Amino acid sequence: MTGKNCKIDGAAGISLAAEVKGECRAMPVLLAHGAGQTRRAWKRVVQDLVEAGFRAIAIDMRGHGDSDWSSAGAYDVRDFAADLVAVASGMDRKPALVGASLGGLAGMIAEGDLAPGSFASLTLVDIAPRIEPGGVMRVVSFMQEHVETGFSSPEEAAQVIARYMPHRRKRRAGDGLRHYLRQKEDGRYYWHWDPAFIRNMVAAHCCDTAHQEQQVNILYKAAANLTLPLHLIRGGSSDLVSEGAVEHLRELAPHAEYTDIIDATHMVAGDANDAFSAAILGFLGRQSSF
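Residues numbered from 1 in each chain as written. Predicted model: local features only at pLDDT ≥ 70, side-chain atom pairs only at ≥ 80, totals over all residues. Heavy atoms only, no water.

Participant: Help me out: how do you make sense of the layout of surface pockets in this one?
Facilitator: To find the voids left in a structure, one rolls a probe of water-molecule size over its atoms. Empty space within the second largest pocket amounts to approximately 260 Å³. Lining the second largest pocket are 14 residues, and of these Ile-8, Val-20, Arg-55, Ile-57 and Met-91 lie nearest its centre. Elements with a contribution of two residues or more to the lining of the second largest pocket: β1 (2-9), β4 (55-59) and α2 (77-89). Counting residues per element, the lining of the second largest pocket draws most heavily on β1, at five residues. The residue inventory of the lining of the second largest pocket, partitioned by class, reads eight nonpolar, two polar and four charged. (1 Å grid on protein atoms, 1.4 Å probe; cavity = no way out; pocket = protein on both sides within 12 Å on 5 of 7 lines; lining within 4 Å. Points joined across faces, edges and corners; volume = space filled by probe spheres on them. Helix = DSSP H or I, 4+ residues; strand = E, 2+ residues; numbered from the N terminus. Nonpolar A, V, L, I, M, F, W, Y, C, P; charged D, E, K, R; others polar.)

Participant: Which parts of the structure should I look at to understand empty space enclosed by the protein?
Facilitator: Per the counting criterion, the structure on display carries one cavity of 30 Å³ or more. The volume enclosed by the largest cavity comes to roughly 70 Å³.

Participant: In this structure, what is going on with the pattern of salt bridges? I would like to understand it.
Facilitator: Side-chain pairs of opposite charge can arise whenever the charged atoms involved come near each other. Overall, the coordinates contain eleven salt bridges when judged by the stated rule. Residue Glu-148 is joined to Arg-199 by a salt bridge in which the shortest nitrogen-to-oxygen separation is 3.2 Å. Of this pair, Glu-148 sits in the loop between α4 (133-145) and α5 (154-164) while Arg-199 sits in helix α6 (residues 195-206), and the two are 51 residues apart along the sequence. Given a relative accessible area of 45%, Arg-199 falls into the partly exposed group. (Salt bridge = Lys/Arg side-chain N within 4 Å of Asp/Glu carboxyl O. Buried < 20%, exposed > 50% of the residue type's maximum accessible area, 1.4 Å probe, protein only.)

Participant: Help me out: how do you make sense of the packing of aromatic side chains in this one?
Facilitator: Given two aromatic rings, one states the distance between the centres and the angle between the planes to describe the pair. Throughout the structure, instances matching the rule amount to six aromatic pairs. Ring geometry for Trp-42 and Phe-276: centres 6.2 Å apart, planes at 25 degrees, overall stacked. One end of the pair, Trp-42, is in the loop between β3 (28-32) and α1 (43-51); the other, Phe-276, is in helix α10 (residues 273-285), and 234 residues separate them in sequence. Take Trp-42 and Phe-276: they sit in the same class, and that class is buried. (Phe/Tyr/Trp six-rings, centres within 6.5 Å; stacked < 30°, edge-to-face > 60°.)

Right, here's the structure in full:
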């Protein structure tokens, strides 16, 4: 059984940090996190997958965690999608892809547009081609708020997270939070992702309506092109994916399976990990090709 942290080649010379666990010959499951997260977001899910007989590969997306930052500021969804295609192409068999939020958007573009046939299945975690603008802006506002000023301490960052997710038990600074922060020479702590990523996101959603419309059309077409086993897991209290968005996806991809996890928000895995893992494992277990 393997259990290691390593580097994997992404697209355009980007090197991605990854955690790999499970038997080498087991079915690979590639885990792609959401905006502002790292591979640690999948910590409990990775263990559940390994115990169920899968090989879990959790990556830090470009510009996040320990992965390379793009010197060119290449943080379009297609850039993240190209990384996923590159990772999948380096494996000895097609992986099942589980993508949360940004990771799911990248997965749809990767499989439905850039390189159809790259993945054995796709699980979208609280993301769909149609998403609620208010939910998007709540995420963007949270990420943008301290991007320039940082925090005086990990404890201050923990307080900010607690306000953003009031339904969660307050997280102590020592509970893995330091993995999401970098201390710079000025002594302050900053999020463990490239500020250019959020600046580009803000520009795309707030200023460049033509680009935004183009992205929406690309996502719709990509979703309609998906023929692989497809699974949408929604947080029952999500402010990003409405029930209408679920129906829209199922119109584009009628074969899609759907799981609604009642006691979860957009941060499904962290809110209800046991139910989330059960949904993933149930879906993967129904894929006879595995």
